[in-house]
Each structure stands twice: as C-alpha cells, then as structure tokens.
8 protein chains.
Amino acid sequence: MKNDEIRSILDAVAGGTLSVDEAQEKLGGLSFAELSYAKLDTDRMVRQGFPEVVFCSGKPKEALVSIYRKLYEAEGAVFGTRASEEQYDAVKSVIDDTTYDPVSRILRCGPATTERKGLVCVCTAGTADIPVAEEAACTAEYFGTWVSRIYDVGVAGIHRLLSQTEQLRKANCVIAVAGMEGALASVIGGLVARPVIAVPTSVGYGASMEGLAALLTMINSCANGISVVNIDNGYGAGYTATQINRLAEEGKDGR
Amino acid sequence: MKNDEIRSILDAVAGGTLSVDEAQEKLGGLSFAELSYAKLDTDRMVRQGFPEVVFCSGKPKEALVSIYRKLYEAEGAVFGTRASEEQYDAVKSVIDDTTYDPVSRILRCGPATTERKGLVCVCTAGTADIPVAEEAACTAEYFGTWVSRIYDVGVAGIHRLLSQTEQLRKANCVIAVAGMEGALASVIGGLVARPVIAVPTSVGYGASMEGLAALLTMINSCANGISVVNIDNGYGAGYTATQINRLAEEGKDGR
Amino acid sequence: MKNDEIRSILDAVAGGTLSVDEAQEKLGGLSFAELSYAKLDTDRMVRQGFPEVVFCSGKPKEALVSIYRKLYEAEGAVFGTRASEEQYDAVKSVIDDTTYDPVSRILRCGPATTERKGLVCVCTAGTADIPVAEEAACTAEYFGTWVSRIYDVGVAGIHRLLSQTEQLRKANCVIAVAGMEGALASVIGGLVARPVIAVPTSVGYGASMEGLAALLTMINSCANGISVVNIDNGYGAGYTATQINRLAEEGKDGR
Amino acid sequence: MKNDEIRSILDAVAGGTLSVDEAQEKLGGLSFAELSYAKLDTDRMVRQGFPEVVFCSGKPKEALVSIYRKLYEAEGAVFGTRASEEQYDAVKSVIDDTTYDPVSRILRCGPATTERKGLVCVCTAGTADIPVAEEAACTAEYFGTWVSRIYDVGVAGIHRLLSQTEQLRKANCVIAVAGMEGALASVIGGLVARPVIAVPTSVGYGASMEGLAALLTMINSCANGISVVNIDNGYGAGYTATQINRLAEEGKDGR
Amino acid sequence: MKNDEIRSILDAVAGGTLSVDEAQEKLGGLSFAELSYAKLDTDRMVRQGFPEVVFCSGKPKEALVSIYRKLYEAEGAVFGTRASEEQYDAVKSVIDDTTYDPVSRILRCGPATTERKGLVCVCTAGTADIPVAEEAACTAEYFGTWVSRIYDVGVAGIHRLLSQTEQLRKANCVIAVAGMEGALASVIGGLVARPVIAVPTSVGYGASMEGLAALLTMINSCANGISVVNIDNGYGAGYTATQINRLAEEGKDGR
Amino acid sequence: MKNDEIRSILDAVAGGTLSVDEAQEKLGGLSFAELSYAKLDTDRMVRQGFPEVVFCSGKPKEALVSIYRKLYEAEGAVFGTRASEEQYDAVKSVIDDTTYDPVSRILRCGPATTERKGLVCVCTAGTADIPVAEEAACTAEYFGTWVSRIYDVGVAGIHRLLSQTEQLRKANCVIAVAGMEGALASVIGGLVARPVIAVPTSVGYGASMEGLAALLTMINSCANGISVVNIDNGYGAGYTATQINRLAEEGKDGR
Amino acid sequence: MKNDEIRSILDAVAGGTLSVDEAQEKLGGLSFAELSYAKLDTDRMVRQGFPEVVFCSGKPKEALVSIYRKLYEAEGAVFGTRASEEQYDAVKSVIDDTTYDPVSRILRCGPATTERKGLVCVCTAGTADIPVAEEAACTAEYFGTWVSRIYDVGVAGIHRLLSQTEQLRKANCVIAVAGMEGALASVIGGLVARPVIAVPTSVGYGASMEGLAALLTMINSCANGISVVNIDNGYGAGYTATQINRLAEEGKDGR
Amino acid sequence: MKNDEIRSILDAVAGGTLSVDEAQEKLGGLSFAELSYAKLDTDRMVRQGFPEVVFCSGKPKEALVSIYRKLYEAEGAVFGTRASEEQYDAVKSVIDDTTYDPVSRILRCGPATTERKGLVCVCTAGTADIPVAEEAACTAEYFGTWVSRIYDVGVAGIHRLLSQTEQLRKANCVIAVAGMEGALASVIGGLVARPVIAVPTSVGYGASMEGLAALLTMINSCANGISVVNIDNGYGAGYTATQINRLAEEGKDGR
C-alpha cells in the first residue's frame, strides 16, 4: 500500500465519506509488520514469563555484568548458560542475589524456584554427559517444568536403562543425552510413546570427532519419534522439551 | 513385579496354599524379556491404533506384496512410504482397495480417511521440497492430525513466509522442510512459540552435498525450539509432529 | 501497533481532532510490511526488466511447459537454465518462438537480444568448464551486459592468461570458472582491480570431490577481491556480475 | 649375511673345519625368507583346508570363469563372494556342480557342506542388513563353523534382542550387522562376554552417508570387546569370527 | 625472443638497415611482461591510494615492528589486520602515531580518516559476529567508503532485520556477517537489489565446525546476488565491497 | 539364576527349611531389572575376576579419589587408564599401595601381578605409538594374559617386522598399533593365522587428521582377519585380545 | 616499460647516441615474457618429442575426432587417455592407423613404438589396480622409457613383493599403484633408494571412499622418498616418472 | 627352503659330493632375507653418507639427548627436524658442537657443511610458508644438494614468479611450498620441464582446514609433473628432491 493510498483513506475519514470501521478494515492489512514486531515481543512474554536467556560463553566480564545488571533491573531475574567461575564472581560482585552451578554452568540472579507443571525426563549414557544434561534439566526447570533425571544408563549396560522404563514413560517428553556412539536415543525411542529430543555430546575421543559421530548416530536413528539438536546443546533440548510439555499441560488446563 | 507380590507368593507357598509348581509358573512371568515384549506390543496398539508402517524402498515386489497382504488381513489397512509405481501395480493386483500418491510416494490399502484432531503445519522452502513435505503431511494425516500446508515460502522472498504468520501460529507443531541452504527453520522458529521439526532435503547441487549442508544449517540454528530429523525423512517428521500434536489434544480431551 | 491504536487514530481523524497529515505520520510505520511486499515486486521489475528465471532441471515436462506458457503469456519472454533437449522439444511444441543452446543448456522463448551496456569478462581454466561459463555469460547477456569470453587459460600454461591481461582489465567484473585445482581465480585476482566472481566447477576426478576441492581453493584465495558462488553455479555468477556491472554503468548514466 | 660370508662357511664345511651342525646353525638365519614364503602357503592350507576365496564383483565373465575352472580343477571346490546372477550363469555353464545364493551373493562349486564345530552367532538390526549377514554366516559355515542367526533385532525394539540373550551367550563370537545408526553392536557388547565383530552396512539414506555413520557409531562404541570391519564386509567378519571360533575349539581339541 | 635476436635488431637499427618503426614493431611483443609488472604496481597505487595492508597474526614482534617502520617511512600510514594488544604495544613504542581497535583488531599508523564516498552496509546476525564485521567495516572505511552498521539482526528474530530494509537498500553493496546457521545472507539477498558479500564466521559450537556450516549455508543460498568469502575474512569482504562501491561512485564521477 | 535354583528355593520354603524372609532375600535378584542387573554383575565377576576399570581422563581429582577409595575398599584392587601425574599424586596420598606408569598412563592400586596364561603379541609401527601399545599390553596383562612386545617395526623398514615372524605366530592374537599411514596391520594380517586387532593412533601430522587416516587405512585393509578399534584405544584392544586369548586357553583347560 | 620508452631507446640507437650494448642492457628486462611464451612451446617440443596428450573422457565424439585429425595431420601421431570403445570406433573410422588398448584405455594414432632408455618399474597391490597401472606404464613407454611391471604384490602377502626386490632396485623410479588401504607405497619406499610415485586408486568399497582412504594412507606414509598424485591418475604418474628417468639418463648421455 | 634341505646341501659339501660353488648357487636363494636386512643398511650408508635423521617433535628431553649422544658417538654428526629451543638447550648442554636454526627448527651436531652437487629450487607462496621451505632446503643441503631459494612468489602477484623463470629452469627439481589456496605448484608446473614436489602448508585460516585445502588443490593440479607430500612435510620434500637430484648428477658422474 502506497503512502498516497493511506492518505486518501484518511482524507475520506476526515471528510466523513468513510466510516472509521470501513477505514480500519482497509488499513488492517497494514498492521502486519509492526504488529508482528510487537506480537513477537508479547509472545515472548506470554509464553515464557521470564527474561531473556544469556549465552555467557566468550562474553567479556564487563559486557556480561552490564547485561546482567540491565536484565536484573528490568525483570528481577536473569538466567544465563555456559558461564565460567570468573563470570560468576564478576556478576556476584554487583548482584548479590546470584547463584552458580558449576556442573550445568548456569548463572542465575533472582528467585531460585519457578512454578512447575508436567514432567520431562532427562537421561544420560554416561557420567561425563551430565553437565550437558544438567544444562537441559535446569533450563526446563527454570521454564517451569518438573524434571526427572536418569543418569548413566548407556546402552552397553542396557539393564540399567530398562529398569527405568516405568519412570521414562511418565514423562511428556524425554531428553536423551549421549556422546561416544550415541545409541541411547534409539533405545529410548523404542521404549516410550512420547517425543524424544536427542542431544549428542562432545564426550569421547578419536573418531568421535568432537560429537559428530554421536550426531550422525542420532540423526540416523531407526526408532520413531526422535529429533536432534546441536552437539552439547542442553539448553536447546530443555527449551524444546518445555515447549512440548506446555502443549500437554496447557491442554489439561483447558486453556 | 513388585517385591510385595513376590512376598505374597512366597507366603502362599510357605502356608501351603500354593504349590511349588504354581509358584514357579507365577514367578516365571518375571523373566524379563517376554513380559517386556508383551508390554511393548500393547503400547504400540494403545498409542497408535493402526498397523505398522512399511518402508517400501528397495523391497522386492514379491516380498512387499506378501507383507501388504499379511498386514491387510490382520489390520484391514496398510500404510507404506517411498513406494514406486511398480510396487503400486504389484500390490494393487492383489489388494483392490489400494491407492498411491506419486508425489509423497505413499502406498495405502484400506479406508482413505482417519479421524483427525489438532493441527500441524507443514512448510517448504521451494517446490522441489514438496515430495518430502507431502510424506510428512500424509503421515501426520494418516495418524489422525489435521494438516495445513504452506509451500514455497523460502527465505529469499521472506515476505511470502511472513504473510502466513497467522496460519503458522495456529498449529501445535510446525514442520519446516528445506534443501539448499535450509534457513527456513530458523525464521519459522523465530515466528512461532511451538516446536519446529526441521527436515533437511537433498534438493540442491554442488556444495549442498545431498542435503548435508541443509542438515548442518538446521542443527546450528540460532532460533529456539528447533530439532532436526534425517535428510528427506518426511515420515519421521510427520510421526514426531503427531506425537506432539496428540500431547496437546489429549490434554484438551481431559485424558 | 495494535488494532485499537489504529482505531483511536481513525476516530481522532473522523472527529476532527487530528489532521490527516498528523495521522499519516503516525500511521507511517504501518506501511512497511505491505509496501515491502509490493516494493520487492516492483524492485524486481525495475531492476531486471524481464520475467523470472526458471530452473528447469528435474522439472517434469508437463509442469515446465505450463510454467513457460504462463510466463510467456504474461511477459512475452522466458529464460530458463539447466534445461535438457527433451524439455526443449516439449516447450518448442507449444511455443514456437523457442531457442535452446545445448552448451549452456539455456532454454529461451521470445526475442533473442536485449539492450546491453558495460562489460563483464568470463574466463575458464579448461574447455570442460565452458558449459558453466556459457551459463554465466548468457545470463549476463540476457540481463543486459556485454560479455567478453576468454576460455582455456588455466594456470598450468600461465602465458595464455597473461597475454589477455589487457582484455581482462577492460571489464567491470571478471568471472573465473575453473574445476580441478581452481587456481585461476587467484591469478586473475592479482591481475585486475575489479571484483572477481569465482565459480568452482565439478570438472575433475578423484580427489576433486565433484568440485569441493576447487571451491576450497577459491575460498582460500590469497588474492584480494575474490568472492565465490556454488559449484557449477554459472547462473549465480552471471547474475551477481550483472548487478556489479549495472552499478558501474548506472553511475555513468547519471542515474 | 653377505655372499662371501656364506662362501667362507661352505669352504669351512668342505675343508672339514666346520661341522654340518655348526654350519646349519650359522645358516639358520638365512632360511627365513623362503621359509616364510613356504610357511605362508602351508599355513593357508593347514588353517583353511579349502581353496582361495574369489571376490567376484567387477570381474569380467571370461576372467571369472577361467579363475573358477582353474581353482576347481586344482581344489575340487571354489567359494566366491559378491557374485551376480550373470556370473552364476556363466560359471554354471562350464562347471555343473555350481550353486548360487542370491541373498548372500555367494557362488560355490563343489560339495555343499563342510565339517563344522564351535558356534558363531550372526545378528542384524533390520531385514535390509540380511544380505551382508548372510555373506558373513555362509563364509563362517564354509570355513567350518556352526552359525546361529538372529535377524531383525534392532535397538529400537530392544526386547526382541533381549529375548535372545541366552542364545547370544552360547556363541564363541558374535557378529553384529547394522546400518542406519548402527547401535546394535554396543547393546550386544554389554550382554555377552565374548568378542563382538561389528559390521556397518550401507543400509540407510541421507546422513547415513553410505554406512559411514554406522561405522563411526561402532568404532566409538562404549561397550568393551567390540572391533569393527569395513562397511558391508560380511566376508571379513565371517573370516575373523572363524579364526576366533577355531582358537576356542582347537583348545578344546587338546591341540 | 633470445637476447641475440634483440641484439641483431639493435645492430640493424644502429647500422641503419632497419628503421626505428620496424624495430619497434619487432620489439613490440616484448613490452608485455615488464609493462605488466609496472602496470600492476601502478594499478595498486592508482586504485588504492594507500600503503599495503599487513596481516599481523602470527608475525613475531620484531618482524612486525620492522615492517610497520618501513611502510610508515615510505607511505606515512600503515593499516594492519588481526593484530594483538602485544603487537600494538610493540609498534606504539616506536611509532607514536599508532592506534589500535581491540574489537576489529586493526592496528593503524598515521592519519585516522580518509576521504569517503558511496555507501556499504555491514550486517551481523549476532553480537558475537561483530569483531569480523568491524574488520570489514573499518577496512571499507580505510579504503574510502561510507559504512552503515546494522548489527544483531539474525533471522531468528526476522522483524529486527525487516525494520532496517530501507537502510539496507541505500547501500551499493551489503556485507552479511553470520556464524552458526548463517542464514542472514539469504534473507538480505531477497530484500535488496545490490550485490551481497556473505562472510561466514567461526561463531558457534558443535556441528558449526568452526564456521564450515555457515560457509556451506551461504554457498548454497537460494537467493540471487550472493557471493561468499572465507570464514572470518572481514578484510576480504571489506575489500571487495570497496571495489564494488568504487565502480558505482566512479561512474557517477563521470570517470 | 537358573530355574532349578528357583525351584530349590521354593521347595525349601514349602518344606519349611527356609523362612519367607530368607527366600525373599534370595529371590530379590529375580525382580526384573535387578535380576538382569545381578546376572550381568555375576557375569562380570565370573569372566573377569577383577574390579571395574576406571577411565581417569577428565575426572576431577576429588571424584577420582572417591571412586578409587570405594573400589579399593570393595575389591582390594583398582585399575585405571589415561591417568595424569596429578591424579596419581592425589590417589597415592590416600591409598599407599598405588603405582603409576607414565608411559601407558595406567594408575593401579593393589597387587602388581595377576596370574597369566596364553599369549598376545603387541606391535607398534614407531616409537611414538608405544604409549597406546603399553595401554593395550598392560590391560591384557592385568586381565591375565602373557604379552610379548615387538615395537618399532613399521612397514617402511619391513625387514624389522619380518625378522619377528616366528614370535608373531606364537600369539593367540596380535595387536597392531600404528599411526601415520597405519599399514602395519595389513602386513601382519598376511603373516599370521590368528586374529589381528588394529589400533590406529593419533601419531602423525597434517593429513593424518588426528588418526583418521590410519583408521581408514586399517578399515580398508586387504588382509583377512583384521578388525579395528577406535583411535588410541589401547584399552579396548587389550580387552578384546584378552577375550580371544581366554577362548583359546579355556578350551585347553578343558573348561 | 611503455612503448614510447622503447621508441626513445631505438631512436637513440638509430641516432648513434646510444651504443647497441647499452641499448641491449636497457631492453634486457623486456625479453622475458615473449621468450617465456616461446620457450614454453620449444620446451614442450624438446622435452617430449611428440604431440600433446588428449584427455578423451567426456569429450563428444565429433569434437574428439576433430582434435585427433588436427593433431595427426600436424604431428603424425596422437596419444589420448581414458578413451572409450565408442571413441575408438569414431577415430578409427577417419584415421586408419589407430589402435586402442581396452585395459589402459589409451587411444593412439601413428607408429606404435618410440625409442626408449632408462627404466621405470610399475607395481600394483591387486589385479583390480592394473588399468591405472597400465595407463602409467603405457604413458611412460610412449614418452620413451623402458618399463618393468610387477603386478599383484599387495602387502597382505608381503613375500610376493619381497621376492621382487632385486627387480625394483633396478629402476630409476618406482610407481606404486594401490587402492583399498594403499600400503604398498610405504613398503616399497623402505626397499628402494629411488623416488617412489604413489598412485591411489578408486578400487575398494565402503570406507575406501572412492580412493580417498588410499590417498590419505599414501600422503601419510612414514617411508622417505614418496610423493603422491591424484586418485587413478596413472597418466600423471607416468609423466612424472618419465621426467625423473630422463634426468638420470640425460646425465649418463653427458648432456 | 626347509631346514633339512639346507642340511642335505651341507652334508653334500662335507662329503665332497657338492662343490662349494654349486652349494653357494643352491643357497643363493636363501641369502635374501638377511641380505635384504643388511642390504638395506648398506644402501642407507651408500646413498646417504650420514647418520639417521631424528624427528624431534614430542620426544622428551632425556630421550632426545640420549639419541643424539648415541648417534653423535657413532657417526660424528646428527641431523634432527622439528626441534624446539628447549630441546636445543638440552642437547647443547651435552654436545658442544650443536647448532639450531629457529626458522627451519633443524637441530644439528657436527660439521656444518657437506659436499654439494646439482641444484634444487625451493619456492614459497608467502613469507609464512618459509619455515616449511627452510626445512626442505636445509634437508636437501645436508644431503648434499645445492639449493636456490625463491620466496614469496604467490600466484596473486604472478609477475613476481615469472621474473624468476630463468632461475627455476636451472634446477633438477623444484619444491613448491604453499598454504591457503596452494596454486603455486600448478603455475610452476607449467613453467618448468623438471619434476615439481608440492608441499601444502597449514598456513591459512577458516576453510583452509589446517592445510587440507592446499593439499586438495595440489593433488588436483592440472599441470603435468607434480606430485605431493604431506602438509608441512618440508623434510619429505627435501629428501625426495635430493633423490631426484642425485639421479641427475650420478648420471653426469658416469656412475
């Protein structure tokens, strides 16, 4: 719509030859982009109920502190992933209400708990996969999801996993975290009826190629219902699992 | 079997109200594989309500016909992916109630429609991605999902996609199908609040490396809520999307 | 901007408390998306002056003929790349004014010549690279550019290329087309002061890996002013070269 | 040892100043190469008890027939892998005592059975892996091993495999054949105490990259006791499994 | 041409048996290489108007200082990329008129500003891409180009980019800098009519493979007018954009 | 637990010679997961006769010390691979009976020797491959195998290897450890009649790609009887070789 | 040097104000390019003594016939590689003096023999490598080299190769042709004191990746004196071996 | 030959029924392996005239000092590549006659010069390639070759290389050292008639992939007479060039 078209509509309204209702209908098509802009923002608020997530890795201390301070002032809470001890010290020195989990490397300011509903289950193949799993689990918890953890149930000792089948089936979504050969996701996919988010990790050596082997294993899984996120992307898995969990719980809430 | 169940059997044996033979039979059920086997089968029935899916590609005609006949007799319906015209002719010659869609390459026997609920949206970047998208869409429909199709909305003409934002946001889950540079999933991920299943396709040439470039793009997406399935795996995307859609709808059903 | 904000503006105009000028200013932000949509279309017309380009490869004959007929009716001319002889026959049978060049594989309907200005130079390392070079050259010509061709001047006989230096330096942009080791672009980059578009080709065998080796060579070029398009993407190079050529010529035209 | 050193030893023997025993000791080091040559041949006879194996794939019909005829005359039996129907017809036309198995693609002349001992178990993840598994199984049988086959026990339906645990544990060696994500070997490795030979297959599509994904999965297995052969190399797995089986059985034979 | 052939021509001229015209014709072919040599040097001066650019990374401090001193004496100005703080300190200690930008890592001696004309626009997907973008922007500015910066407009929040469309379209050339999935270039390519130089960055983790994923995305872009430089090669993009910008502006200057 | 064992427990309960409490304790193992678990554990004990192996690499000192202490208390011996000097110091400070081998990087607590039988031969191509070879050799020795070492017999000086043929042939299994081009396994495979476990190492530079080149060489070996483990996986090779050696020796023991 | 500078020198010579010696010195720098051009041509004649080599693969029949006819008229002989039977028929129909070798795929016109000197030895690992080896051998023979062939001496049966050591050591240069694991070159490199040209072949399957595995093996060879050409590039190896052989023989000729 | 065959020959000699000459002839076949061993050693002495070369990289200081001491005592000279400053200090402290070149990283003991003949030319594309080039040049010099160095003549400024054509053509062999796009070898291959050894270097960034891009460029070179060694393998190139140079010079010596 050209500017002069907009003008002629306005002229008609001013001149009384066009009702406000008719004008609004004509202009409706215009509202898209800006509304779209606004709507996205609103969406974010509506669907998340918490401030933006900060990817801390590689951010200089000063920049990070400034971001945390700004978000903390605006929102009263900040949630960041892949933070270092040094970053924790720096943020802690300006925001007292700061906690850091060295395993998941999550750096938070503000209240420690959120209201939770539904259930996501996070599994790992080995103990070395736990940091990625904790990033996923803490993300899901922060976003309002109950999380059950089943760690060190790799397929080389399949009985460990099978003994947890009941537990696995209670979840709305399962996150399978594994490095090396990454076969965990396929086995879980065969045991549960819910979506499985597979997270390859960079755990391994030699031909594991920093997680690419596990990524390929998971992408080629012969089980149904498996989809994959980037290597070591615990945050992404926790986020997607939360989306799925909410769909299930929102339905139950009659929303 | 819970420990107290074992105890009550033992009590009965000790009390003489259960013979050793009967006790052994009861405890026999504990032997793990068989129980587990049965439980899985039941699961499949409970959660799917339709026969197994056949991956037709590469199966010799005689073998395929035999599988279709067996499943058709048992279930009254068969659903197969990646079928050829020749395979269609072969199956059609023995099961009259057979239909074939040359675009999605899906070969079906039995009733054409299933009861549907919820909504999944399937998007493609280009027209060449449509066969994979149709495999996803028809799979989701077969499994009982309403599907809206938004095709040819690649990011090089971003306005085409943006004009469909309203439509995208109605779905419980969006499937983004794209070859070449595969950027569609990221843009959609930024527009919707629901999970996005990204399907790389082998569409492209040169450095697209049969879909690997699109796969890498999607796995590295900077948008939240995106997970990825194998190259050209429309079926897998349709299946996962159905799982997610059901979670949303089951909740609404008060189930 | 929310719908009710739009309404309150319209109400104010209708009520006479807001002038049309003021309203237009307030609504200006709205015009973006739809205008954007329209502007893109207009842009395409303004900057190209010809119909869309068709990527013929893999399109079924019926579909291709239908696309050509539609575009030919609308525009009076159609330009398609990567067409086969069979596709030519099919289009020729419905649109008489059709020509096909088996080297560049370009399939055209409508007038054979366009007005040209400026100069782009297209070079190849070997004779096997000529089909890709011709796709680039014919695209640039179709889009209104004069093209000089310097073929078979690979770096293993560097004197062949050097004897053409004068010719190379006359162009606003040089397209360097090479397979195998792809070193042509670097040498040309060192000889000319204008941008060089490098096109790797799939010519070669063994470790050329279908053009990936040439692509890597070109991307790693130590010469300044070189940028790279996809393997065998003559069309893309011709398009970009035309954009650059136009910038040079538009300036001269005082536009 | 230089020739003149040999001569001086011989001179000393001829002159009676060196005994034959002493001379033989001094010359012992010399016997190595030729003996080595001979020993290898003898080894092959001793340890195999059958003629060389022919890799038929790609051999012209005339050449293949000539090889088969020569070996058949010398040994009375020939065993070839990766043969085609056409090659079978060609060999059959000159050697009547010829059989061909279209699944394993093994082409044999001579007696159908060999004496067997010990047990190797061959498993596949899916039905599409059976041709490779049959190449392994038939090779092991031909080399004198009893073989149990457990097919279609992929990890996506783990109960199928677990129900065969008893059977798996009876074998001296297990061959795990799998394409796609190739996770079968890890699970088997966790269930049995014997060596597992993993065979990746080219079954799959997309990011399976013709079996490379399965190869990487298996090489990175977190289970103990797994070693890997080339993609689709059923013959190699059958051969190695036979070597291991013989070691076990030879011990029992008191050898 | 051999030296004695040259001599015999000169002898003939000296002896009067060959006119100067005839001699020049005979010698004409000779002028090529040396002229070529000289012309290249002259070209560099004519088209650049500033000293050579120094690639500082990895150069020992002493060597770097010596290069800077030499160029500074000869030209009165030096421009270097990928410098470290330590290298800055070393150069600063001998050339007082030295400045260093820790973001772009550009190390300059001499006057801070150059005359500028035309406009190039530099965009980034995220904030982590800014160092590469600044290398591009500062290079273009140093070479005499006006630069507009549009940072952090990645495709996962497409509205941020769209709101800048007007700005994008003012430039003679757009540089799109992006890591992770690298989709920014395609979207920009669809919005503007000018050449887009895509710069993949090594920003990302896991399957981003140090920027290779973004490089592949950009090379496979389905948008027209996109060409690609090496990973993190901000300098190369700035250089090529300057070449394009000059073509446009030189035309306007009536050159 | 065998069925007749279950029966005898039940008989004892029925006969009053076993209390229900005692029976439940004995049958506890039967409850599904736990039974399966116990069976594997028992298997591990039966077939290995020593505690679990610890992969030390990357484990924090506190965690490692705690694992070692727990295992040492339970088993009286601990065996760990890929340990650092620092980890040794930490464990040594709490368990006096600790030894560390800086070449193989194996960290042990408890008695230094185990009873051995059979013979495995470990070969390396170069001296740089010795750490991986020692990991294999020490693992095999710890698991009760005699080991002969033949180091630095790479194929570029083939006579060094050939002079050891006799020694090679005495072993039940040969481990071939090689980096760079990794050809050692093929030559050994042609010299011996026993299984060869090939271990690629990350020794090399340039196109050795951290051991991937050696891995590909070994997987493509044209010799029979070769199977491959992960790059630098000395432990895995030692483990598999022990399995094979035991099969041979168990047979001899009449077991 | 500009043309008018040349003229002023010539004027000075003609006018007697500049001696011929001085003029030659001034013009000396000029002689380079043209001489270089001419010298290259002359070189080709001098060092080869035969017409250009034609790479036949992929050339249309008409084009190939035209090239052969032109070269045959000019030189009386033509030598082409990678020709097909069809190409042979086409050339034969216009040049009667044409021969074709279906193994090496070399297509020749003119006299069958050339004068030969020196010796190059060509070895293959297997019989499937012979076509590439024959391309190398025939090329070397055509260029005037005596060639000894040692085929099927792969490292899995190392005695076959060792028995040929004497023969290998007679050659000025050895060409080692091998696919699969490509270890042949390393072993030969350890046996001879002369340069070894390694030719990887695309023989193999699975992880041989069309010869890339063999290429990597050879590039990483731990033996001295090995250099590598492209996969299947028998011609290149034959050419380089001829260059080396000539250096040796030219020295002997007292040249 | 069996031991009893040897004995019967010896018996015959002892008994006088076989002459020593006849016995030696019969035993001749035996001399192979041990002779082979000895011959190789002798070869090494004959063809090299200096002690073994030590690859210093990664060797612990104590081990390196011990190797140097042993070789120095035996040979009076030691030559090692890829040494560090620290290794130099360690060796220097025990062998006074030690020199170290920090550019080539060569660590030598003993006399600094060797007798030289013939000529090899070493070229680099850039200054960053010089360390690898110096490793090649110093190796060739140490092995008795005259070396001319032509550095920083990359193809982006082709005139720099062309001005050295005369110099290039004087050498018996040219070594072309280049990173980034590695095109230098192709251009040199087109300028000279002698063998070119191409050495890719790890110089570059981004898609240079630590030298793999340059390696691929060189392997795919369209020029004749080029063969390639491993990335950064200056030593290997110097060694092979020496072999070629010796062939040329030995011929001239009438050997």
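A few points on the structure. (Residues numbered from 1 in each chain as written. Chains lettered and ligands numbered in written order. Predicted model: local features only at pLDDT ≥ 70, side-chain atom pairs only at ≥ 80, totals over all residues. Heavy atoms only, no water.)

## Notes on the packing of aromatic side chains
Phase 1: Per the stated rule, a full pass over the model turns up 64 aromatic pairs over all chains.
Phase 2: With centroids separated by 6.1 Å and ring planes inclined at 50°, the aromatic side chains of D:Tyr235 and D:Tyr239 adopt a geometry described as tilted. With D:Tyr235 and D:Tyr239 both in helix 11 (residues 234-252) and 4 residues apart, the pair spans about one turn of that helix. The same class applies to D:Tyr235 and to D:Tyr239, which are both buried.
Phase 3: Ring geometry for F:Phe79 versus F:Tyr142: centroids 4.1 Å apart, planes at 10°, classification stacked. Residue F:Phe79 is located in strand 2 (residues 78-81), and its partner F:Tyr142 is located in helix 6 (residues 130-142); the two are separated by 63 residues in the primary sequence.
Phase 4: With a relative accessible area of 4%, F:Tyr142 lands in the buried category.
Phase 5: The rings of A:Phe79, A:Tyr142, A:Phe143, A:Tyr235 and A:Tyr239 are connected pair by pair, giving a single aromatic cluster. (Phe/Tyr/Trp six-rings, centres within 6.5 Å; stacked < 30°, edge-to-face > 60°. Helix = DSSP H or I, 4+ residues; strand = E, 2+ residues; numbered from the N terminus. Buried < 20%, exposed > 50% of the residue type's maximum accessible area, 1.4 Å probe, protein only.)

## Considering the pairing of strand 8 (residues 196-200) of chain B
Residues and elements named next belong to chain B.
Phase 1: Judged by how many residues are buried, strand 8 sits mostly within the fold: 5 of 5 residues are covered.
Phase 2: Burial along strand 8 is two-sided: Val196, Ala198 and Pro200 and Ile197 and Val199, pointing in opposite directions, are all buried.
Phase 3: Relative to strand 8, strand 7 (residues 173-178) is paired through 5 bridges, and the arrangement is parallel. Looking across to strand 8, one finds that Ile175 is bridged to Ile197.
Phase 4: Since strand 7 and strand 8 lie parallel, the crossover through helix 9 (residues 184-191) that links them has a hand, and here it is right-handed.
Phase 5: Relative to strand 9 (residues 226-228), strand 8 runs parallel, the two sharing 3 bridges. Across the sheet, residue Val196 finds its bridge partner in strand 9, namely Ile226. (Pairing = 2+ DSSP bridges. Right-handed = clockwise from strand over helix to strand, strands pointing away.)

## Describing the interface of chain H and chain G
One frequent convention defines the size of an interface as the accessible area lost when the parts assemble.
Phase 1: At the junction of the two partners, chain H supplies 39 residues and chain G supplies 40 residues.
Phase 2: For the pair chain H and chain G, the two sides together bury roughly 3,500 Å², of which 56% comes from carbon and sulfur.
Phase 3: The three residues of chain H that bury the most area against chain G are H:Arg169, H:Ile219 and H:Leu247, which together make up 17% of that side's buried surface.
Phase 4: Between the two partners, chain H and chain G, sit 2 salt bridges.
Phase 5: H:Arg194 is paired through a salt bridge with G:Glu250; the nearest N and O atoms lie 3.1 Å apart.
Phase 6: Where chain H meets chain G, there are 10 residue pairs in polar contact (both at pLDDT 80 or more). (Contact = heavy atoms within 4.5 Å. Buried area = accessible area lost by both parts, 1.4 Å probe. Salt bridge = Lys/Arg side-chain N within 4 Å of Asp/Glu carboxyl O. Polar contact = N/O pair within 3.5 Å; in protein donor to acceptor, adjacent residues only side chain to side chain.)

## Points about the pattern of salt bridges
Phase 1: Applying the stated criterion across every chain, the model contains 56 salt bridges over all chains.
Phase 2: Residue E:Glu134 is joined to E:Arg149 by a salt bridge in which the shortest nitrogen-to-oxygen separation is 2.6 Å. On the criterion of sequence distance, the pair formed by E:Glu134 in helix 6 (residues 130-142) and E:Arg149 in strand 6 (residues 145-150) is long-range, its members being 15 residues apart.
Phase 3: Judged by relative accessible area, which is 11%, E:Glu134 ranks as buried.
Phase 4: Under the relative-accessibility criterion, E:Arg149 is labelled partly exposed at 34%.
Phase 5: Linked through salt bridges whose partners overlap, the residues forming this network are A:Arg116, A:Glu134, A:Glu141 and A:Arg149.

## What about helix 10 (residues 212-219) of chain A?
Phase 1: Within helix 10 of chain A, 8 of the 8 residues are buried, leaving the element largely enclosed by the surrounding structure.
Phase 2: For helix 10 of chain A, the complete set of buried residues consists of A:Leu212, A:Ala213, A:Ala214, A:Leu215, A:Leu216, A:Thr217, A:Met218 and A:Ile219.

## Considering the sheet that holds strand 3 (residues 98-101) of chain H
All names here are of chain H.
Phase 1: Strand order across the open sheet formed by 4 strands is 1-2-4-3, with mixed pairing between neighbours. Edge strands, defined here as strands with exactly one partner in the open sheet, are strand 1 (53-55) and strand 3. This sheet shows a mean twist of 20° between the axes of neighbouring strands, independent of strand direction.
Phase 2: Sheet topology note: the strand 1/strand 2 (residues 78-81) ladder contains 3 bridges and is parallel. Note that in strand 2 the partner of Val53 across the bridge is Phe79.
Phase 3: Each of strand 1, strand 2 and strand 4 (106-109) is contacted by helix 4 (residues 61-75), which is oriented at about 150° to strand 2, the strand it contacts most. (Axes fitted to C-alpha atoms, helices over the stretch in contact; angles between N-to-C directions.)

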